[in-house]
Structure formats: structure tokens, C-alpha cells
Amino acid sequence: TISVEENADLSLTKTHVGSGVVGTEVVFTLQVANAGPSEADNVVVSDTLPTGLSYVSHVADGWDCEVNADTGAIRCTLSTPLDPDASAPPITVTALVLPAAYPGVTNTAAVESTSNDPDASNNSASDELPVPALVNLTLTKTHTGDFKVGEQGTFTLTVVNEGPTPDPGPITVTDTLPTGLAFVSAEGAGWECAEAAGTITCTGGEMAVDETDTITVTVRTDAAAYPEVTNVA
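Here's what I pulled together on the structure shown here. For clarity, every value in this text was computed on a predicted model and none was experimentally measured.

## Looking at the sheet that holds strand β14 (residues 181-187)
Overall, antiparallel pairing links the four strands, which are arranged β11-β12-β17-β14 in an open sheet. Pairing within the sheet leaves two strands with one partner each, and these edge strands are β11 (135-143) and β14. Averaged over all adjacent pairs, the angle separating strand axes in this sheet is 25°, with direction ignored. The pairing of β14 with strand β17 (residues 212-221) spans six bridges and is antiparallel.

What follows is the structure, encoded as C-alpha cells:
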């Protein structure tokens, strides 16, 4: 009497369609194949979405799936054995990209069965999803008191990153002085400022969500500024 064990070489691939833009949905496709030589019994695919991806829905014809929407864990069992040299119906998982996914996430899934698998190296698949920064930068500009001809005045430029992700930089603030205002200086912590022909350019680095930076611009008020000027940055 000779005991013969089934050998079913399962493999899993995972791909996605769409860009990983915060606030949009991305669709992952999981495909299981059996290279044989035996049929594979009780085929199970497990996929836990990484932090930054929120489960929305799935389509899995021929599979019986259990989903924990809170944890993003998806477990699908094939309804019938998978024949050799055959592929199972694809599983598609739709997820919402959250700010926590920036700058990218890796989604990994795995397949297993009760049949012996002679090559476990292809039983898991990872799909890297780059997530670009998405930011809402705001700029306000203020000054204190009236400017007087022949004297210096100061503008305060305030930059805020309202998110939802950090801004990796570089960030550039440009201020073209109107006729009647002459450049004296510009400075701000973490900013490099330079002036050419009346245009001030300040470059800064990364800004975290809700971070606030200030740039101080000092000018000399000339007679041509009378009776008023508008300074736009």
C-alpha cells in the first residue's frame, strides 16, 4: 500500500489600477493559478489592507469571502477545488486612499490550500502603491501701521499647510514689490530668501500638516508709493 499525496503548485499575483491619490479609490486584482500537477483543495486567499487604505467593496465570483471592514482583513475561500493548469476567478478589492497612506503603502496577500504545495515562494504577492502628497497651502500677508516716505516698513507673510498630507517641498513664496517700495531684507526660519529686480523669492523645505511658517519682508518706502500701494505675494 502506497500513500500518494496531492501536489498543487499555487501562485498569486496582485495588481492595481489607478493612482494612489488621497481621497480617491484604488482597485486591486488578486489572481490565483494552479500549476498542478494535482487539483488544489480548499483554496484560501487572505489580504489585509495596510494602514492608509480603507475597505470599500469587493467582487469575488466563485469565492466565499469574509470581510472585517474595521481592520481591512479579507479572507476568501474558493467554492470548488481548483483544477491543475487553471486559474480561479479573480478577486477585486476596492479601497479608499487615506492621508495616512502618504508617501506610499504596500499591499500584500497570500494564498494557501489543504493540498501540498511544492513551491511556497510564489504563494504571496505584494503590490506597491505610491501616494503623492496632497496639500492645501495658504498664504496671508499683513503689515502694522501706516508706512511713511523715507522710512522702513515690514510685511509678515504667513504660510500654512492645511494638509491633508505633509508637503515634501521645496515650497516657494514669491513677492514682487510694487513701485515705491524698495527691498531691504527678507528672512524666515527654514527659508532661504533672495531678491532680484524687486522680486523676492523665498524657498523652504518640508512642511508638516498644520505647520505654520512666517517670512518677514522689510522695505523702504519711497515717494512713488504715495498715496498707497498694494503688495501681492
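## Some words on the side chain of Asp117
On the secondary structure map, Asp117 appears in the loop between β9 (104-112) and β10 (124-130). Buried and without a salt bridge, Asp117 has Arg75 as its closest oppositely charged side chain, separated by 14 Å. Within the structure, the side chain of Asp117 is placed 3.2 Å from the backbone nitrogen of Leu10, a separation counted as a polar contact. At 3.1 Å, the side chain of Asp117 forms a polar contact with the backbone nitrogen of Asp119.

## Description of the pattern of salt bridges
Within the structure shown, the criterion is met by four salt bridges. Linking Glu112 and Arg75 is a salt bridge whose minimum nitrogen-to-oxygen distance equals 3.8 Å. Pair noted here: Glu112 is in strand β9 and Arg75 is in strand β6 (residues 73-78), with a separation of 37 residues, a long-range link. A salt bridge links Lys141 to Asp175, with the shortest nitrogen-to-oxygen separation between them at 2.7 Å. Placement of Lys141 in strand β11 and of Asp175 in strand β13 (residues 171-176) is noted, with a sequence separation of 34 residues between them. For Lys141, a relative accessible area of 23% puts it in the partly exposed group. Judged by its relative accessible area of 2%, Asp175 is buried.

What counts, and where the lines are drawn
Residues numbered from 1 in each chain as written. Predicted model: local features only at pLDDT ≥ 70, side-chain atom pairs only at ≥ 80, totals over all residues. Heavy atoms only, no water. Pairing = 2+ DSSP bridges. Helix = DSSP H or I, 4+ residues; strand = E, 2+ residues; numbered from the N terminus. Axes fitted to C-alpha atoms, helices over the stretch in contact; angles between N-to-C directions. Buried < 20%, exposed > 50% of the residue type's maximum accessible area, 1.4 Å probe, protein only. Lys, Arg positive; Asp, Glu negative; His and termini not counted. Salt bridge = Lys/Arg side-chain N within 4 Å of Asp/Glu carboxyl O. Polar contact = N/O pair within 3.5 Å; in protein donor to acceptor, adjacent residues only side chain to side chain.

Interpretation in functional terms is not warranted from these geometric data alone.
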